Amino acid sequence: MAKEIERKFLVLDTHWREFASAGATFQQAYIASMDDRSVRVRVIEGQKALLTIKIGRNALAREEFEYEIPLADACDMIKQAIGIVIEKTRYKVMHHGFTWEIDVYDGIYRGLTVAEVELKDEADDPALPDWLGPEVTGDHRYSNQSLATEDLREEIGYGVSHTA
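**Q** Break down the overall build of the protein chain for me, citing the residues and quoting the values.
**A** Counting secondary structure elements, the protein chain contains three helices and nine strands. Reading the helices (α) and strands (β) of the protein chain from amino to carboxyl end gives β-β-β-β-β-α-β-β-β-β-α-α. Taking 15 Å as the expected radius of gyration for a compact globule of 164 residues, we find that the protein chain reaches 15 Å, a close match to that expectation. For the protein chain, the spread of C-alpha atoms along the three principal axes comes to 40 × 40 × 30 Å. Here the protein chain holds 164 residues, and the buried ones make up 43% of them. In the protein chain, once contacts between residues fewer than 6 apart in sequence are set aside, the share between residues at least 24 apart is 59%. As presented, the protein chain carries roughly 8700 Å² of accessible surface, and 48% of it is formed by carbon and sulfur atoms. If you average the places of the 19 positive and of the 30 negative side-chain charges in the protein chain, the two averages end up 2 Å apart.

Structure, rendered in structure tokens:
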């Protein structure tokens, strides 16, 4: 089994952009969602599609299985999504030996920016960049699964009224 170990933070400013790779646009939706598991479909840059299954309740580490699927199948699945189709652009920033993925949300969560760092081990303690805000690892409101299956705009304070 593949294990995903990650920490998640809000991003306070745009200082990270000077170190970032070119962004990739994502459209992602959930086709199954339960408390301890989910099935997600993701289309990247309108050209590549992935089906991801995540299992586990631990906020820091869960089992993750990911498979490339035909783009047409993914587009059909997105049309049958439960809840909200997430739109975001993902950038990557290297910082002290760790790769940070910064997701800049569009669509109904426009203005929300979240950074994740994937770890090799739960004991890893990466240096935190100065553009990070509060850690939200384990705060269900910032999981993509919750953002897609619940309308959390008012609760998290981001949405169509904010600018990117």
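**Q** How would you sum up the pattern of salt bridges? Please name residues and give values.
**A** Throughout the structure, instances matching the rule amount to 15 salt bridges. The closest approach of N and O atoms between Glu 64 and Lys 54, which form a salt bridge, is 3.5 Å. Here Glu 64 is found in strand E5 (residues 61-69), whereas its partner Lys 54 is found in strand E4 (residues 48-55), with ten residues between them in sequence. Taking the shortest distance from any N to any O, the salt bridge between Asp 103 and Arg 90 comes out at 2.7 Å. With Asp 103 in strand E7 (residues 98-105) and Arg 90 in strand E6 (residues 82-95), the pair connects residues that are 13 residues apart, well separated along the chain.

Thresholds, definitions, all that
Residues numbered from 1 in each chain as written. Predicted model: local features only at pLDDT ≥ 70, side-chain atom pairs only at ≥ 80, totals over all residues. Heavy atoms only, no water. Helix = DSSP H or I, 4+ residues; strand = E, 2+ residues; numbered from the N terminus. Rg over C-alpha atoms; globule rule 2.2 N^0.38 Å. Buried < 20%, exposed > 50% of the residue type's maximum accessible area, 1.4 Å probe, protein only. Contact = heavy atoms within 4.5 Å. Areas by Shrake-Rupley, 256 points an atom, 1.4 Å probe, with all protein chains shown as cover. Lys, Arg positive; Asp, Glu negative; His and termini not counted. Charge placed at Lys NZ, Arg CZ, Asp CG, Glu CD. Salt bridge = Lys/Arg side-chain N within 4 Å of Asp/Glu carboxyl O.

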